[in-house]
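Residue-level structural notes
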Amino acid sequence: MIKTAKHVPTTYITPSHYDIGGSLLCVNYNDYMRSTTEKLMIDANLYGLCAYGDGATLMRCPLANILFSGLFNVLLYHSLFIFCSDNFNYYYKK
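Read on for an overview of the structure. Remember, predicted model here, so these are calculated numbers, not experimental data.

We now examine the overall build of the protein chain. Counting secondary structure elements, the protein chain contains five helices and three strands. Counting from the amino terminus, helix and strand elements in the protein chain follow one another as α-α-α-α-β-β-β-α. By the burial criterion, 15% of the 94 residues in the protein chain qualify as buried. Look at the contacts in the protein chain between residues 6 or more apart in sequence, and 32% of them connect residues 24 or more apart.

Laid out in structure tokens, this is it:
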């Protein structure tokens, strides 16, 4: 990384922590979800998918975590968090 850093132009500005935690994180997440969904849906119409999950509470708010895997990609998972309570906004008022 240090060897390639000397080839960066002097006008390069490193992203701030707001950019990394905001827009860049959203782009990375959307790209990951798109590629994961494409890999997961290979032969899903023929063999189906496996869904498994668990439940948890986060600050007294019930959550469900559902994972999906396919026949040819058992280690690949597509995570889906579901907020199970209508009172979620009640607990996070500012």
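Evaluation of the coordinates by the stated rule reveals one cavity of 30 Å³ or more. Every residue along the wall of the largest cavity is listed here: Lys39, Leu40, Ile42, Asp43, Ala44, Gly48, Leu49, Gly70, Leu71, Phe72 and Asn73. Within the lining of the largest cavity, the residues separate by chemical class into six nonpolar, three polar and two charged.

The next point concerns the side chain of Thr36. Secondary-structure assignment places Thr36 in helix α3 (residues 23–40). According to the relative accessible area criterion, Thr36 is buried, its value standing at 1%.

With respect to the secondary-structure elements, Tyr52 resides in strand β1 (residues 50–58). Given the relative accessible area of 37%, Tyr52 is considered partly exposed. Separated by 15 residues in the primary sequence, Tyr52 and Leu67 place their C-alpha atoms 5.3 Å from one another. Discounting residues that sit within four places of it in the chain, Tyr52 has contacts with Asn65, Ile66, Leu67 and Ser69.

All chains considered together, the criterion is met by two salt bridges. Its salt-bridge partner being Asp31, residue Arg34 comes within 2.5 Å of it at the nearest N-O pair. A residue pair is termed a helical-turn pair when its members lie 3 or 4 positions apart in one helix, as Arg34 and Asp31 do in helix α3 at three residues. For Arg34, a relative accessible area of 44% gives the class partly exposed. Overall, Asp31 belongs to the partly exposed group, its relative accessible area being 39%. Of the charged contacts in the structure, one is a salt bridge between Arg34 and Glu38, with a shortest N-O distance of 3.4 Å.

Reading the values: rules and limits
- Residues numbered from 1 in each chain as written.
- Predicted model: local features only at pLDDT ≥ 70, side-chain atom pairs only at ≥ 80, totals over all residues.
- Heavy atoms only, no water.
- Helix = DSSP H or I, 4+ residues; strand = E, 2+ residues; numbered from the N terminus.
- Buried < 20%, exposed > 50% of the residue type's maximum accessible area, 1.4 Å probe, protein only.
- Contact = heavy atoms within 4.5 Å.
- 1 Å grid on protein atoms, 1.4 Å probe; cavity = no way out; pocket = protein on both sides within 12 Å on 5 of 7 lines; lining within 4 Å.
- Points joined across faces, edges and corners; volume = space filled by probe spheres on them.
- Nonpolar A, V, L, I, M, F, W, Y, C, P; charged D, E, K, R; others polar.
- Salt bridge = Lys/Arg side-chain N within 4 Å of Asp/Glu carboxyl O.

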